[in-house]
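# Secondary and tertiary structure notes
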Amino acid sequence: MAELARQGWQWLGGRRRALAHQLATMHSAARLVALGVIVFAVVFGSLGVQNQRNFGTWSYDMGIYDQGIWLISRGEQFMSVRGMNFWGHHFNVIAYLFVPAYWLGAGPEFLYVVQALALALGAVPTYLIARDKLRSPWWGLLFAVVYLMYAPVQWISWAMFHPEALVITPFLFAWWFATRERWGWFFAMVLLALSTREDVALAVIMLGLVLAIYMRGAPDYRRILQRCGVTVVLAGVWYVVATKLVLPYFNDGKEPFYITYFYGNYGSDTPEILGTIIRHPNRVISDAVQHDRIVFYKQMSWPMGWVYLANPLGLLMALPQLLASVIGLSPYARIIKYQYTSVMIAPMIIASIHGAYTLSKLRALRAVLPIWLLLCSFTSNVAWSPSPLGEDVNYFVWSRDHPRHDSMRTALTFIPPDASVTASYQLLPHLSHRREIYDWPNPFWASVWGNDDCDHLPDPRSVEYVALDLTQIGANNQQLFDDMRKPGGPFEVIFSDDDAIVLHRIGTSAEVDVRPQAESCAILKARHLGG
C-alpha cells in the first residue's frame, strides 16, 4: 500500500511538472486566449447569476430544466412545469453530469455559471483549429476573439439554461481532434456533443460527411474514411433510437412534441414533413427569403465578416438546424437571442476559419483580413450583443435589482419546501425544486401543457399554494384569480405587497377547481379534432 501511495505521488508530481512546463512555454497568444476564456466566464457567469437573483428567468425554460435535473437527481422523471416526462421532452443525456451537483443543492445559478464556462471554453478549440489551419498562433488568437465576441454566443449565455448550448465546445474539439487524427478523443467529443440533445445527431452526420471530403488528400485516407463512416452510422443510430424509441416511449407513444408544435405547417410527423420539403422545394425557398430570415442570416454572418463564403463546405454541418429554423413556425428559432443558434455556431466558426485560409492566400488580402474580422466582430457586438460593450438596449436585458424584488423574495418565504404550487413565470424558477410546481394558470386552466393536451393534468384541488406577480396574471385568467380569493372562495391571501401575492388553499369550489380545467380541455380537444 505504501509503495502504491509513493508511486501515485510520483505520478502526480510528474504531471504537475509537465503542466508547469507547458504553461511556462505557452505561446503568448495562447495565454491571451486563456485570459479571454476567464473574462467571458466571469462576466457572463456573473450576469447570469444576477439575472436569476433579480427574477429575470422564466418557467420556460429555466424552470423546466432546473426541475428536470432536480427530479432525475432524485430518481424521478415527470416535470410538472412542462407536463411531460423529462425523457419524453428531449433526449438530454448530458443532464446526468449535473446530478452530483444537484445532490449538493445546485440550482439555476449553478446552471448559468456552468453554461457560461462551457461557452467560454469554445475559444480554446477555435484557437487550435485556426492556429493549425492558418499556421500562426496569432491567427488562432484572432478567431478566439471573434468567437468570444460573437453576439449569438453571448445571447445564449443570457437565454436561461439549455443543454444544447453545451454542444459548441465538444463539436469544435471533435473537428480539431479529427484533423489531428486523434480518433479516440474525437469520438469522446462526438458522444459528448450527441448527449446534449437528440437533433445534434443530424449535425454530427454532416460532420462525418464533411470530414470525409475535407480530409480526402490525407495519406491514410481509407482509415479516415472508415472513421467518418462510423461517425455517420453512430449519429444516425443515435437519432433514430432517440426520436423513434426513447422519446415516444416516454411521451405516451407520440412523436416528439416539437414536431407538430414547430413544423405542423409541413406535416404531422417526420416522414410527412420530409415529404413536403422534397415535393415542394419552392415552399422552402419562399420561407427562406422572408424578411425575418434575411435579418437572421445577416446577424449570424456579419460578426464573421462573411469570410465563410470563400470556403463554405463547413456550413453543411449547420444545414439541418438552419433548415429547421427557416421552415419552423416559431419566430424565436431565427432570432440570434435564443439557444436555437447553438448547433449552427461551431460549423460557422469552422467554415469561417477555412474561408479566411482561402482568402489569406491572396497577398493583397492577408494584411487587411485581420482588420476586417476585428472590425466586423467589434461593431456587431456593440450593435447586437447583450455584453457590457453592447448598446444599452441590449445590455439592459440582464435583470437588475428593483425595490419590488424584495416583496417577491418575501413572498417566496411563505411557501413550504414540499408544497404543491402554481406560480407565475418569473417566480417559478425560484420554486422549482419540488415535485409539484405548475406554470400559472396550470393546472386550473390547461396552458402549454404536455403535447398541447390535458394528458396527466392533475386535479387542481391538489394545489396548496398560488404565488403570483399580479402584473403577470393575464387578462384571460383574471376571472379565475378573482374566484380564487373572493369571500367564501377556496383560497385565502397570506401575503400581498407591491404586486406580489401568495394564496393558501382553505377549501374548494367548482368555479375554480372544476369548470376552468374542463372548459380548457374541451377547447384543446376540439382543436385537435378540428385539425
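What comes next is a walk through the structure.

Calculation rules
- Residues numbered from 1 in each chain as written.
- Predicted model: local features only at pLDDT ≥ 70, side-chain atom pairs only at ≥ 80, totals over all residues.
- Heavy atoms only, no water.
- Helix = DSSP H or I, 4+ residues; strand = E, 2+ residues; numbered from the N terminus.
- Rg over C-alpha atoms; globule rule 2.2 N^0.38 Å.
- Buried < 20%, exposed > 50% of the residue type's maximum accessible area, 1.4 Å probe, protein only.
- Contact = heavy atoms within 4.5 Å.
- Polar contact = N/O pair within 3.5 Å; in protein donor to acceptor, adjacent residues only side chain to side chain.
- Patch = residues over 30% accessible without salt bridge, like charges linked within 9 Å, V, L, I, M, F, W, Y side chains within 5 Å.
- Areas by Shrake-Rupley, 256 points an atom, 1.4 Å probe, with all protein chains shown as cover.
- Salt bridge = Lys/Arg side-chain N within 4 Å of Asp/Glu carboxyl O.
- Pairing = 2+ DSSP bridges.
- Phe/Tyr/Trp six-rings, centres within 6.5 Å; stacked < 30°, edge-to-face > 60°.
- Lys NZ or Arg CZ within 6 Å of the ring centre and 35° of its normal.
- Axes fitted to C-alpha atoms, helices over the stretch in contact; angles between N-to-C directions.
- Parallel < 35°, antiparallel > 145°, perpendicular 65-115°, else oblique.
- Left-handed = near helix turned anticlockwise from the far one by under 90°.
- Nonpolar A, V, L, I, M, F, W, Y, C, P; charged D, E, K, R; others polar.

The next subject is the overall build of the protein chain. A count of helices and strands for the protein chain gives 26 helices and 7 strands. Its C-alpha radius of gyration of 25 Å places the protein chain within 12% of the 24 Å reference for a compact globule of 531 residues. Along the three orthogonal principal directions, the C-alpha set of the protein chain runs to about 80 × 65 × 55 Å. Within the protein chain, the proportion of its 531 residues that are buried is 54%. Contacts in the protein chain between residues at least 24 apart in sequence constitute 70% of all its contacts with a sequence separation of at least 6.

Tracing the backbone through its elements, the reader meets Ala 446 in the loop between strand E4 (437-439) and strand E5 (465-469). Taking relative accessible area as the criterion, Ala 446 reaches 9% and is therefore assigned buried. Between the C-alpha atom of Ala 446 and that of Ser 520, which follows or precedes it by 74 residues, the distance is 5.7 Å. Ignoring anything within four residues of it in the chain, the contact list for Ala 446 reads Cys 454, Leu 457, Ser 520 and Leu 524.

Our focus in this paragraph is helix H15 (residues 270-279). Of the residues making up H15, those classed as buried are Thr 270, Ile 273, Gly 275, Thr 276 and Ile 277. In this structure, the buried side of H15 is in contact with helix H13 (221-250), helix H14 (257-263), helix H16 (281-288) and helix H18 (319-327). Sitting at the amino-terminal end of H15 is Asp 269, which places a side-chain oxygen 2.9 Å from the backbone nitrogen of Glu 272.

Residues Leu 32, Leu 35, Val 39 and Trp 138 make up a contiguous nonpolar surface patch of about 380 Å² in total accessible area. Looking at the nonpolar patch, the element that brings in the most residues is helix H2 (residues 28-53), giving 3 residues. Mapped onto the elements, Val 39 comes out in helix H2. Residue Val 39 is classed as partly exposed on the basis of its relative accessible area of 44%.

Here the focus is the pairing of E5. The buried count for E5 comes to 5 of 5 residues, which makes it a mostly enclosed element. Side chains of E5 alternate between two faces, with Tyr 465, Ala 467 and Asp 469 and Val 466 and Leu 468 buried alike. Pairing of strand E3 (residues 421-423) with E5, which is carried by 3 bridges, proceeds in the parallel orientation. For Val 421, the partnering residue across the bridge sits in E5 and is Tyr 465. Here E5 pairs with strand E7 (residues 500-505) via 5 bridges, running antiparallel. Its bridge partner being in E7, Val 466 is matched across the sheet by Leu 503.

This next bit is on the packing of aromatic side chains. If you walk through the whole model with that rule in mind, you get 31 aromatic pairs. Ring geometry for Phe 186 against Phe 187: centres 5.0 Å apart, planes inclined by 75 degrees, an arrangement best described as edge-to-face. Judged by relative accessible area, Phe 186 falls into the buried class, the value being 0%. Look at Phe 262 and Tyr 263: their rings are 6.1 Å apart centre to centre, the planes differ by 45 degrees, and that puts the pair in the tilted class. Taking relative accessible area as the criterion, Phe 262 reaches 13% and is therefore assigned buried. Here the aromatic residues Trp 58, Trp 155, Trp 158, Tyr 332 and Tyr 338 are joined through ring pairs into a cluster of three or more. The side chain of Arg 283 reaches across the aromatic face of Tyr 266, ending 4.4 Å from its centre. Against the face of Phe 396 rests Arg 400, its NZ or CZ located 3.9 Å from the ring centre.

In this section: the packing of helix H10 (residues 168-179) against helix H11 (residues 183-194). Here H10 crosses H11 at 160 degrees, and the two axes come no closer than 8 Å. When the axis of H10 is compared with that of H11, the two are roughly antiparallel. Relative to H11, H10 is oriented so that their crossing is left-handed. Facing H10, whose interface residues are Pro 170, Phe 173, Ala 174, Phe 177 and Ala 178, H11 presents Trp 183, Trp 185, Phe 186, Met 189, Val 190, Leu 192 and Ala 193. Class assignment of the residues belonging to the contact of H10 with H11 gives a composition of 12 nonpolar, no polar and no charged.

Below, the discussion takes up the packing of H11 against H13. One can describe the packing of H11 onto H13 by two numbers: an axis separation of 12 Å at closest approach and a directional angle of 20 degrees. In terms of their interaxial angle, H11 and H13 are classed as roughly parallel. Seen from above, H11 lies across H13 with right-handed handedness. Residue-level contacts link Trp 183, Phe 186, Phe 187, Val 190, Leu 191 and Leu 194 of H11 to Arg 223, Ile 224, Arg 227, Val 230, Thr 231, Leu 234, Ala 235 and Trp 238 of H13. Counted by class, the contact of H11 with H13 contains 11 nonpolar, 1 polar and 2 charged residues.

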